Amino acid sequence: MSHKYSIIWLQGLTCNGNSHSFLNYTHMPSFAASFDMLYHPLWCGAEDFMSLLNSDVTFDFLILEGALSHDERLIQRFNLPFYEILDTLAARAKYIICAGSCASFGGVFRLRDPEKITGALFSGKEKGGYWLEKNNIINISGCPVHPRWLVETLVALHHGEKVLLDEFLRPKEVFSYLAHHGCLRNEYFEWKVDSKQLGEREGCLFYEHGCLGPMSHANCNKILWNDISSKTRAGSPCLGCTEFDFPRRALYETQKNMSLPQTPFGISKRAYYSLAGVAKSFKIERLEKKLIDEND
Amino acid sequence: MKMTKEIIERIEGEATLELEWENEQVSFAKIKFFNYRGIEEILKKRPLLDALALTPRVCGICSHSHAIASVLAIEECYKSAGEALHITQKAKDIREIALNAEKIHNHIKWYFFTILPELKRVGDTTYAGNAFKDKQWFQAQSAVMQSLKMGAHFTGQWPHGSFVMAGGVTCDPLKSDLISAQGCLDAVIAFCEEHFYGMPLEEFLSFDSALQVMSSPSALSYGIDEMIKHGFDRLGRSFDRFLALGESYRYEGSLKASKTTVLGADIKYVHESLQHTFFEDKHKGYTYSKSAMYKRNYCEVGPLARLMVSKDALMRDFHRRFKDAALTRVVARAVECAHLLWRTKVLIDHINLKEPSLIPPKKDIHSLSGSGIGVIEAPRGSLIHSVVVHQGLIESYDIITPTVWNLGNGDKQNPSTAQKALIGLNSFTKADFILKSFDVCSVCTTQ
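The residue numbering used here restarts from 1 in each chain and proceeds along that chain's sequence as written. In the order they appear in the text, chains get letters beginning with A and ligands get numbers beginning with 1. With pLDDT at 70 or above as the cut-off, local features in this predicted model cover only qualifying residues; side-chain atom pairs require 80 or more to be listed or tallied, and sums for whole chains, interfaces and linings still use all residues. To get the side-chain values, all heavy atoms of the structure are used, and hydrogens and water are removed first.

A.B. asks: Could you give an account of the overall build of chain B, with specific residues and numbers?
C.D. replies: Helix and strand counts for chain B stand at 16 helices and 13 strands. Principal-axis analysis of the C-alpha atoms gives chain B an extent of 65 × 55 × 40 Å. For every residue, the accessible area (1.4 Å probe, protein chains only) is compared with the maximum for its type, and the residue is labelled buried under 20%, exposed over 50%, or partly exposed between those bounds. The 447 residues of chain B split such that 66% are buried. We call two residues in contact when some of their heavy atoms are within 4.5 Å. When contacts within chain B are restricted to residue pairs at least 6 apart in sequence, those whose partners lie at least 24 apart make up 71%. Positive charges come from Lys and Arg alone, negative charges from Asp and Glu alone, with His and the N- and C-terminal ends not counted. Here the site of a charge means NZ on Lys, CZ on Arg, CG on Asp, or CD on Glu. With 53 positive and 52 negative side-chain charges, chain B shows a separation of 3 Å between the mean positions of the two kinds. Only DSSP runs of H or I reaching four residues or more are called helices, and only runs of E reaching two or more are called strands; each is numbered from the N terminus.

Listed below in structure tokens is the structure:
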């Protein structure tokens, strides 16, 4: 068996959601067999943070959770300016893994001061976050990160595999999918049948309710959350939480241009609107009815 | 005068505890929270419903609680604008199941990942911790996961699920979903019976004496023995004053208690103070945590408060013996968890799936102006969301979290609940544990 890889988990401006999401990992004993969590801020482990910081120990993964800032008035840990801690640890880590949208792009908390609060390499979609350049960073966005996205990336690196990344440095195996893929409302999307109101199993949430599934990169509806569900399966629109612009404004409304919604990712306006027009011109009776009709 | 400053680690977030010492005893304590994030500011001028997506991001461990408090505040806005929304019993039940899943998981996580290892650390400062190592840690992690999976049948995901909307909930579960959720809940109950309580849930819930709990071998009775060994059956007492503003199936309305006397409470007497914060004075302030008071008094909120106002027989017996010591506070979370497991089983069994999940408001949200307050009992206590909306846009949003109630800062003449519990202690190790007995959530505090 190959040796264990070591992890130090560091938090910037965060809600702890990525830590708690990570703790939902189904096969934790298997994770623990391959990795040593040298330090995690929430749980009782063996190492003392200050001794780790003051040592010259190198380690495999620095996992960053939360938005970052060079401004010590905005963030400090252990009575030290945060940048001192981050710079010291980053120099000793083989890989830096940004767990969640805050560490990747700045996320929700960036909105307070986008000049000073950013992700590690990005501020929103712009390159140039906490660092201008760094070649050992992987972004695993999401608000929160899915435990499988995080652990499976770590395991692949542990196996010495090359992890293919997209333009935002996100693992392609996760982020080449769209949240739309595997959505149970797909047929309603194909035939342009809108969900009349929330709280029902029928209809697509893309047209009126702000769903960003067709333009959000993530395999949520392939691997599901908590091994069972997803936002769209619980009848709520995808909020686009894996994207650099999360959170957009008016998350429960579909942004329209001349009463037309935005087109799905990578589909031209001409292709989408032509097809949508045709699909909409048919009235598919089955899709207008309840999925389960007790009176049938 | 001697003064020490120590970091409080292994809580939700981080805090600094500054202690003043006289004659080897703590004479005063300052509890400092940094790393403010500004969600209340971020929400200003955004469309009202964005609060449903953004307020869960206040806290990774109680995101459902924030979502529910937020939707209640929004529904009150409709009411203040003349449209009282009807929320079906089904939607209310689903909200309660989601909240219970969050509370159950929180209490298990806190007891097995914080309290047990911290107690070991009090006895042996070189203790290397249990995380990712001990068999029981993995079993507790699995129970935590099952509890959240149970909830995710209704909420889509945890943390940061979206499942509430003005007028009800967005999910519309099937009978098969309920059966699957019940299966998850049964796995959590099995864990708690075997490890937490050491006996069937029903038997534990029938107890009315602390001795019954203490005489059965379990993680809970082990923890109680350890706490007694270190003196936490006497230490950590505060004002013996409790408050539960949110509703519960175990009591009617909002209540407060002074020792065992229970009286009605009203949210209009809640007062938020900026004293000692950077918001009040950039230079003299020392924390980002606001403080909350009821009729100018600091009160304890959380599981112990809820059980005291509901006159729970077992908790009253613990209280009779140990008053509001750290031990009583810890046991309250275990006892509440048992009640919630039982209650959630009943809810899932009885939910009426024929009712609509959501009845949408008639009024166009873009023209909605008004104000509303949403109050719920979150894992750590009363959580208040207060919003003012003008033409569909948020004018102001104010959040009072449970940790603000318990761990705000008063002054020497009028210390806060946690400060009072710390005064008189003779070691930092004990102070550290007592602070943790409140289940500190620094991220909620610095929202």
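Still more ground to cover, so stick around.
A.B. asks: Pulling in residues and values, what's your account of the sheet that holds strand β2 (residues 13-22) of chain B?
C.D. replies: Strands in a sheet are paired, the pairing made by backbone hydrogen bonds, and the direction either parallel or antiparallel. Residues and elements named next belong to chain B. At least two DSSP bridges between two strands are needed for those strands to be called paired. The 3 strands are arranged β1-β2-β3 in an open sheet whose pairing can be described as antiparallel. At either margin of the open sheet sits one strand with a lone partner, and together these are β1 (2-11) and β3 (25-32). Direction aside, the axes of adjacent strands within the sheet are offset by 25° on average. Here an axis means a line fitted to C-alpha atoms, over the contact stretch when the element is a helix, while the angle between two N-to-C directions is reported on a 0 to 180 degree scale.

A.B. asks: Quick rundown of the domain arrangement of chain A? Include the residues and the values.
C.D. replies: Residues and elements named next belong to chain A. Domain start and stop positions are those given by an automatic or database domain assignment. The domain architecture assigned to chain A consists of domain 1 (5-173) and domain 2 (177-284). Computed over C-alpha atoms, the centres of domain 1 and domain 2 are 30 Å apart. Each side of the interface is counted separately: domain 1 has 21 residues, and domain 2 has 16 residues. The contact between domain 1 and domain 2 buries some 1,500 Å² in all, and 60% of this surface belongs to carbon and sulfur atoms. Only one rule defines a salt bridge in this text: a Lys or Arg side-chain nitrogen within 4 Å of an Asp or Glu carboxyl oxygen. Between Arg170 and Glu243 there is a salt bridge; the shortest N-O distance is 3.6 Å. What qualifies as a polar contact is a pair of N or O atoms within 3.5 Å, subject to a donor-acceptor requirement within protein and to the restriction that residues adjacent in sequence count only when both atoms come from side chains. Linking domain 1 with domain 2 are 6 residue pairs in polar contact (both at pLDDT 80 or more). Defined in terms of a 1.4 Å probe, buried area is the accessible area two parts forfeit on being brought together, summed over both.

A.B. asks: Go over the interface of chain B and chain A with me, naming the residues and quoting the values.
C.D. replies: Taken together, the contact pairs 74 residues of chain B with 65 residues of chain A. Here chain B packs against chain A, burying approximately 5,800 Å² in sum over the two surfaces, 58% of which is carbon and sulfur. Inspection of the chain B/chain A interface yields 2 salt bridges. Between Glu14(B) and Arg77(A) there is a salt bridge, and its shortest N-O distance comes to 3.9 Å. Counting every contact that joins chain B to chain A gives 32 residue pairs in polar contact (both at pLDDT 80 or more). When grouped by side-chain class, the residues that make up the side of chain B that touches chain A number 38 nonpolar, 18 polar and 18 charged. For this classification, Asp, Glu, Lys and Arg are treated as charged, while Ala, Val, Leu, Ile, Met, Phe, Trp, Tyr, Cys and Pro are nonpolar and the rest, including Gly, are polar.

A.B. asks: An account of a nonpolar patch on the surface is requested, with residue identities and associated values reported.
C.D. replies: Nonpolar side chains (Val, Leu, Ile, Met, Phe, Trp, Tyr) within 5 Å and like charges within 9 Å form the patches, drawn only from residues with over 30% relative accessible area and no salt bridge. Shrake-Rupley sampling with a 1.4 Å probe provides the accessible areas, and residues are treated as covered by the protein chains on show and by no other component. Nonpolar side chains collect at one region of the surface, where Trp191(A), Val278(A) and Phe282(A) lie side by side and expose about 290 Å² of accessible area between them. As for its placement among the helices and strands, Phe282(A) is situated in the loop between α11 (269-281) and α12 (285-288).

A.B. asks: Break down unusual backbone geometry for me, citing the residues and quoting the values.
C.D. replies: The linkage connecting Cys143(A) with the following residue, Pro144(A), adopts the cis geometry, with an omega of 5°. Its place among the elements puts Pro144(A) in the loop between β9 (137-140) and α7 (147-158). Cis peptide bonds are those with omega within 30 degrees of zero, and the linkage from Trp158(B) to Pro159(B) qualifies with 0°. A positive phi angle, close to 55°, is found at Ala250(A), a residue other than glycine. You can see Ala250(A) is positioned in the loop between α10 (220-223) and β10 (256-257). Owing to a relative accessible area of 10%, Ala250(A) belongs among the buried residues under this scheme.

A.B. asks: Break down the environment of Arg286(A) for me, citing the residues and quoting the values.
C.D. replies: Residues and elements named next belong to chain A. As for its position among the elements, Arg286 is in helix α12. Overall, the relative accessible area of 53% leaves Arg286 in the exposed class. The spatial distance from the C-alpha of Arg286 to the C-alpha of Ser230 is 25 Å, given a sequence separation of 56 residues.

A.B. asks: Help me get a handle on the side chain of Arg92(A), residues and values and all.
C.D. replies: Residue and element names in this part refer to chain A. Position of Arg92 among the secondary structure elements: in the loop between α4 (82-90) and β6 (93-99). A distance of 2.6 Å separates the side chain of Arg92 from the backbone oxygen of Leu52, its partner in a polar contact. If we ignore the near neighbours within four places in the chain, the residues touching Arg92 are Leu52, Leu53, Ser55, Asp56, Val57, Thr58 and Phe59.

A.B. asks: Let's hear about the pairing of strand β13 (residues 393-400) of chain B: which residues, and what values?
C.D. replies: Consecutive side chains along a regular strand alternate between the two faces of the sheet. All names here are of chain B. By the bridge criterion, 7 bridges tie strand β12 (residues 381-390) to β13 in an arrangement that is antiparallel. Note that in β13 the partner of Val388 across the bridge is Ser396. Following β12, the chain reverses through 2 residues before pairing antiparallel with β13; Gln391 in that reversal takes a positive phi of roughly 50°.

A.B. asks: Now, about the sheet that holds strand β7 (residues 255-258) of chain B: what can you tell me, with residues and values included?
C.D. replies: Residue and element names in this part refer to chain B. In spatial order, the strands read β6-β7-β8; together these 3 strands make up an open sheet with antiparallel pairing. Edge positions in the open sheet fall to β6 (241-244) and β8 (261-264), since each of these has one partner strand only. The mean angle between the axes of side-by-side strands here comes to 20°, regardless of whether they run parallel or antiparallel. The pairing of β7 with β8 spans 4 bridges and is antiparallel. Within β8, the position partnered with Leu255 by the bridge is Gly264.

A.B. asks: Account for helix α9 (residues 219-229) of chain B, with residues named and values stated.
C.D. replies: In an α-helix, one turn spans 3.6 residues; hence positions three or four apart end up facing the same way. Here α9(B) has its buried residues at Ala219(B), Leu220(B), Ser221(B), Gly223(B), Ile224(B), Glu226(B) and Met227(B). Trailing α9(B) by a residue or two, Gly231(B) shows a phi angle of about 85°, which is positive.

A.B. asks: Any chance you could break down the nonpolar core for me, citing the residues and the numbers?
C.D. replies: In these notes, a set of buried Ala, Val, Leu, Ile, Met, Phe, Trp, Tyr and Cys residues joined through side-chain atoms within 4.5 Å is what counts as a nonpolar core. With 236 residues, the main nonpolar core has Phe31(A), Leu62(A) and Tyr197(B) as its most contacted residues. No other element matches the 16 residues that helix α4 (residues 89-123) of chain B contributes to this core. Each of two domains, domain 1 (5-173) and domain 2 (177-284) of chain A, supplies a minimum of three residues to this core. The contacts of Leu62(A), once residues within four sequence positions are left out, are Ile8(A), Leu10(A), Leu86(A), Leu89(A), Ala90(A), Ala93(A), Tyr95(A), Ile96(A) and Ile97(A).

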